[in-house]
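Structural features, examined
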Amino acid sequence: MAGSEKYQLLAPGDTFPFTCKPECWGRCCAATTIRVDPWDLLRIARGVGVATGELLKVCTFYRGEKHPLPVVCLVRRGRCPFLSGDGRCLIYRCRPRVCRAFPVGEIVEIGDEGRLERGYLLMHAASCQGFDPEAPRYRPAEWLAREGVTPEDMAQTEQFLRFLREAKERLAWSAWLDETGAWTVLRLLYDPDGWRERCGVGPAVSDALFWERSLKAAWCFLVQRAAHQDIDAVRIGEILRGEMEAPFPWEGSGSEDFA
């Protein structure tokens, strides 16, 4: 999160002492980059009572190196917009996962055989005074659970990473996805409220279920683009409304289902 960090690899059984001290509240958020995934943005939107499309307007974006989707940040190399003047987090109850995890950094990847691989880093930020030898000690998983990183969070992250991996491995999307297409995929994943309104999907459909449908709709869009087909907006709407069954690309045949 913050600048001037030093990183230490952690094994799952390693422990570290930490307590967040009031005298340095907000320092880690005053000069930082906070990247958010789709589930982070949705949680914040629900927590502050705004639509996901409105929250996207306060985000910043940049082109990353690993895939053609714009990387979404609450802030990039600056002060978090949800940090109050006295150093309090205005969205503490619904803060992003990277904020919940600090000072633990998560390394989550999909390996060559399709298995989820997880590791941990301990981030020693120069401005942080929380590494008190007298503080309680935690294993990485204990700290994440204490700070509210839930199994549901982990499941959403895994689905998102698998989507990105399949788009790279099966579709080679970095070679052909243009800016317009990349923004369409981004909005399918990061603006569920906009698509709910557009497709007439009400609150009876849970956020978790609509997230799964959004991933499948985004995959449908990519498959059609990769095949140089006209985008079938009707089919995408049917997927989002649950009127068309579609597997995740890593669950079955994948691309053929939308050809």
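Heads up: the structure comes first, above all this text.
Let us look at the environment of Gly119. With respect to the secondary-structure elements, Gly119 resides in strand β7 (residues 116–125). Separated by 109 residues in the primary sequence, Gly119 and His228 have C-alpha atoms spaced 39 Å apart. The residues contacting Gly119, other than those within four sequence positions of it, are Gly105, Glu106 and Ile107.

Moving on, we come to helix α10 (residues 233–241). Note: α-helices contain 3.6 residues per turn, so residues at a spacing of three or four share the same orientation. For α10, the full list of buried residues reads Ile236, Gly237, Ile239 and Leu240. Taken end-on, α10 shows its buried residues confined to a sector of 160°, consistent with a single buried face. Lining the buried residues of α10 we find α7 (179–190), α8 (192–199) and α9 (207–226). At the N-terminal end of α10, a side-chain oxygen is found 3.2 Å from the backbone nitrogen of Val234, two or three residues along, and the residue is Asp232. Looking one or two places after α10, you find Gly242, whose phi comes out positive at around 80°.

Each regular strand carries side chains that alternate between the two faces of the sheet. Side chains of strand β3 (residues 32–35) alternate between two faces, with Thr32 and Ile34 buried and Thr33 and Arg35 left unburied. Two strands pair when backbone bridges link them, and β3 and strand β5 (residues 70–78) are joined in this way by three bridges, in the antiparallel orientation. Residue pairing in the sheet places Thr32 in a bridge with Gly78 of β5.

Counting 68 residues, the largest nonpolar core has Phe163, Leu189 and Leu222 as its most contacted members. Considering every element that reaches this core, the biggest residue donor is α9, with 10 residues. Aside from chain neighbours lying at most four places away, what touches Phe163 is Trp173, Val185, Leu189, Leu215, Ala218, Trp219, Leu222 and Trp250.

Centre-to-centre distance and the angle between the planes together describe a pair of aromatic rings. Inspection of every chain in the model, using the stated rule, returns nine aromatic pairs. Between Phe18 and Trp143, the aromatic rings sit 5.4 Å apart at their centres with planes inclined by 85°, giving edge-to-face as the arrangement. In this pair, Phe18 is assigned in the loop between β2 (16–17) and α1 (27–30) and Trp143 in helix α5 (residues 140–146), connecting sequence segments 125 residues apart. Summarising the burial analysis for this pair, Phe18 and Trp143 share the class buried. Ring centres of Tyr138 and Trp143 lie 5.1 Å apart, and the angle between their planes is 65°; on these two criteria the pair is classed as edge-to-face. As far as burial versus exposure is concerned, Tyr138 and Trp143 are alike and both buried. Among the aromatic side chains, those forming a connected cluster through ring pairs are Phe16, Phe18, Phe131, Tyr138 and Trp143. Stacked on the ring of Tyr62, the Lys or Arg Arg76 has its end atom at 3.8 Å from the ring centre. When the ring centre of Phe210 is taken as reference, the NZ or CZ atom of Arg196 above it lies at 4.7 Å.

About the criteria used
Residues numbered from 1 in each chain as written. Predicted model: local features only at pLDDT ≥ 70, side-chain atom pairs only at ≥ 80, totals over all residues. Heavy atoms only, no water. Helix = DSSP H or I, 4+ residues; strand = E, 2+ residues; numbered from the N terminus. Contact = heavy atoms within 4.5 Å. Buried < 20%, exposed > 50% of the residue type's maximum accessible area, 1.4 Å probe, protein only. Arc of directions from axis to C-beta. Polar contact = N/O pair within 3.5 Å; in protein donor to acceptor, adjacent residues only side chain to side chain. Pairing = 2+ DSSP bridges. Core = buried A, V, L, I, M, F, W, Y, C linked by side-chain atoms within 4.5 Å. Phe/Tyr/Trp six-rings, centres within 6.5 Å; stacked < 30°, edge-to-face > 60°. Lys NZ or Arg CZ within 6 Å of the ring centre and 35° of its normal.

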